[in-house]
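Fold and geometry: a report
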Amino acid sequence: MILVIALIALAAWATVATVIELRRDGYRSTPTDWNRIAGRDLSQQAESGHGYR
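All values derive from a computational prediction rather than experimental measurement.

Conventions used here
- Residues numbered from 1 in each chain as written.
- Predicted model: local features only at pLDDT ≥ 70, side-chain atom pairs only at ≥ 80, totals over all residues.
- Heavy atoms only, no water.
- Helix = DSSP H or I, 4+ residues; strand = E, 2+ residues; numbered from the N terminus.
- Buried < 20%, exposed > 50% of the residue type's maximum accessible area, 1.4 Å probe, protein only.
- Areas by Shrake-Rupley, 256 points an atom, 1.4 Å probe, with all protein chains shown as cover.
- Salt bridge = Lys/Arg side-chain N within 4 Å of Asp/Glu carboxyl O.
- Patch = residues over 30% accessible without salt bridge, like charges linked within 9 Å, V, L, I, M, F, W, Y side chains within 5 Å.

1. Examining the overall build of the protein chain
Helices and strands together make up the secondary structure of the protein chain, namely two helices and zero strands. Across the 53 residues that make up the protein chain, the buried fraction comes to 0%. Total accessible area on the protein chain is roughly 5,800 Å²; 61% of this is exposed by carbon and sulfur atoms.

2. A look at the pattern of salt bridges
Overall, the coordinates contain one salt bridge when judged by the stated rule. The salt bridge involving E21 is made with R24; its shortest N-O contact spans 3.0 Å. One end of the pair is E21 and the other is R24, both in helix 1 (residues 2–25) and three residues apart, which spans about a single turn. Taking relative accessible area as the criterion, E21 reaches 45% and is therefore assigned partly exposed.

3. A short note on a nonpolar patch on the surface
A surface patch of nonpolar side chains, about 460 Å² in accessible area, is lined by M1, V4, I5 and I8. Mapped onto the fold, M1 is located in the segment before helix 1. Note on M1: relative accessible area 75%, which makes it exposed.

What follows is the structure, given as structure tokens:
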């Protein structure tokens, strides 16, 4: 019974932590900037939105 209560508590904590992190992360739809897309050719490469090293 103690393990069941611990599992429920862990699941509740994980759910709350996920919601908080999604709100903090900026998980929202962003509008498309059609000015950047309209003039692109198929031969051009896509630009990366993040600068990873």
